[in-house]
Amino acid sequence: MNEVVKTILKRRSTRAYTPSQISEEELHVLLETARFAPSGMNRQPWHFTVVQNPETLHRINEACRQVLLGSGVKAMEERAKGNNFSICYQAPTLILVAVDEQVHTGRLDGAVALENMFLAAESMGLGSCWIHAVSMLFNGGANEELRKELHIPAGFVVIGSGAFGHKAAEAQAAPRKENTITVLK
Ligand SMILES: Cc1cc2nc3c(=O)[nH]c(=O)nc-3n(C[C@H](O)[C@H](O)[C@H](O)COP(=O)(O)O)c2cc1C
């Protein structure tokens, strides 16, 4: 098995991070892998916002807490009530991916860019996790001030975000479903 395949199979969603920040070089590599992801008709309809400022991370966390508290999903509400609630599991870097709403492949393009970063993170021994609630922060024009501060361009929608940092623990692979493949020869 080659190194790329090994990395793909080894990547897990990391939900426990140490406080130590990723290096500038590691951040640069993550963003380059995002920028070089495939996109429909090579439109590259994305914008990436890197948040490493603890105060901004805190404000994103509190806004996400409100999203979860209003979700109507009991497990999410319980999680958000905790004193140590951290939407990104205390990861020191959060990268938001926003895409042009007018581009019909935009959400797919953004997801591919995120996955590239997750795989690159694993290849450098870093942990990562898709953080979904961040993409709900700006629904219906909410949190407009935060949106401006994060430099989300007008007409762009946040489709997802990724937590990145050093793993505090290795995660186990979740079981994979059987019977999801059809091969016609
Ligand atoms: C679109 C999407 C949204 C996700 N949102 C979250 C999330 O908000 N929080 C979280 O802890 N994991 C999230 N995940 C991670 C999944 O739970 C995880 O990929 C899945 O359980 C399989 O585990 P693995 O990534 O370790 O293989 C998300 C994954 C995807 C693809």
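Notes on the structure follow. The model shown is predicted, which means the values in this text are computed figures rather than measured ones. (Residues numbered from 1 in each chain as written. Predicted model: local features only at pLDDT ≥ 70, side-chain atom pairs only at ≥ 80, totals over all residues. Heavy atoms only, no water.)

**Here's the deal with the overall build of the protein chain**
Argument step 1. A count of helical and extended segments in the protein chain gives 6 helices and 4 strands.
Argument step 2. Taking 2.2 N^0.38 as the reference for a compact globule, 185 residues should give roughly 16 Å; the C-alpha atoms of the protein chain span a radius of gyration of 17 Å, in line with that estimate.
Argument step 3. For the protein chain, the spread of C-alpha atoms along the principal axes amounts to about 50 × 40 × 40 Å.
Argument step 4. Among the 185 residues that make up the protein chain, the fraction classed as buried is 42%.
Argument step 5. Of the contacts formed within the protein chain by residues at least 6 apart in sequence, a portion of 79% connects residues at least 24 apart.
Argument step 6. On the protein chain, roughly 10800 Å² of surface is accessible, and the fraction owed to carbon and sulfur atoms is 55%. (Helix = DSSP H or I, 4+ residues; strand = E, 2+ residues; numbered from the N terminus. Rg over C-alpha atoms; globule rule 2.2 N^0.38 Å. Buried < 20%, exposed > 50% of the residue type's maximum accessible area, 1.4 Å probe, protein only. Contact = heavy atoms within 4.5 Å. Areas by Shrake-Rupley, 256 points an atom, 1.4 Å probe, with all protein chains shown as cover.)

**Some words on the site of the ligand**
Argument step 1. Lining the immediate surroundings of the ligand are Arg 11, Arg 12, Ser 13, Arg 15, Tyr 89, Cys 129, Trp 130, Ile 131, His 132 and Arg 176.
Argument step 2. Take Arg 15: an N or O atom from its side chain is 2.7 Å from an oxygen atom of the ligand.
Argument step 3. Protein chains shield 62% of the accessible area of the ligand, which is 620 Å² for the free molecule.
Argument step 4. Here the shell around the ligand is composed, by residue class, of 4 nonpolar, 2 polar and 4 charged. (Near = heavy atom within 4 Å. Polar contact = N/O pair within 3.5 Å; in protein donor to acceptor, adjacent residues only side chain to side chain. Nonpolar A, V, L, I, M, F, W, Y, C, P; charged D, E, K, R; others polar.)

**Here we look at helix 3 (residues 54-69)**
Owing to its 3.6 residues per turn, the α-helix brings residues three or four apart onto one side.
Argument step 1. With 16 residues, helix 3 ought to run about 22 Å at 1.5 Å a step, and its terminal C-alpha atoms sit 22 Å apart, in line with that.
Argument step 2. For helix 3, the capping residue at the N-terminal end is Asn 53, with a side-chain oxygen 2.8 Å from the backbone nitrogen of Glu 55. (Expected span 1.5 Å × (residues − 1).)

**A closer look at the packing of aromatic side chains**
Argument step 1. This model, assessed by the stated rule, comprises 3 aromatic pairs.
Argument step 2. Members of the aromatic cluster, joined through ring pairs, are Phe 118, Trp 130 and Phe 164. (Phe/Tyr/Trp six-rings, centres within 6.5 Å; stacked < 30°, edge-to-face > 60°.)

**Comments concerning the sheet that holds strand 1 (residues 46-51)**
Argument step 1. With antiparallel pairing, 4 strands are arranged side by side in an open sheet as 1-2-4-3. The outermost strands of the open sheet, each flanked by one partner alone, are strand 1 and strand 3 (127-130). The sheet shows a mean angle of 25 degrees between the axes of neighbouring strands, taken without regard to direction.
Argument step 2. Relative to strand 4 (residues 156-165), strand 2 (residues 93-100) runs antiparallel, the two being bridged by 8 bridges. Bridge pairing links Leu 96 to Ser 161 in strand 4. (Pairing = 2+ DSSP bridges. Axes fitted to C-alpha atoms, helices over the stretch in contact; angles between N-to-C directions.)

**Brief notes about helix 5 (residues 106-123)**
Argument step 1. Compared with an ideal rise of 1.5 Å per residue, which puts 18 residues at 26 Å, helix 5 spans 26 Å between its outermost C-alpha atoms and is within 8% of the ideal.
Argument step 2. Here helix 5 has its buried residues at Gly 106, Asp 109, Gly 110, Ala 113, Leu 114, Met 117, Phe 118, Leu 119, Ala 120, Ala 121 and Glu 122.
Argument step 3. Turning to helix 5, the residues buried within the fold contact helix 1 (3-10), helix 2 (24-35), strand 1, strand 2, strand 3 and strand 4.
Argument step 4. The first or second residue beyond helix 5 is Gly 125, which carries a positive phi of 80 degrees.

**Some points on a nonpolar patch on the surface**
Argument step 1. Together, Met 1, Val 4, Val 5, Ile 8 and Leu 9 line one region of the surface with nonpolar side chains, adding up to about 500 Å² of accessible area.
Argument step 2. Residue position: Met 1 is located in the segment before helix 1.
Argument step 3. What makes Met 1 exposed here is its relative accessible area of 69%. (Patch = residues over 30% accessible without salt bridge, like charges linked within 9 Å, V, L, I, M, F, W, Y side chains within 5 Å. Salt bridge = Lys/Arg side-chain N within 4 Å of Asp/Glu carboxyl O.)

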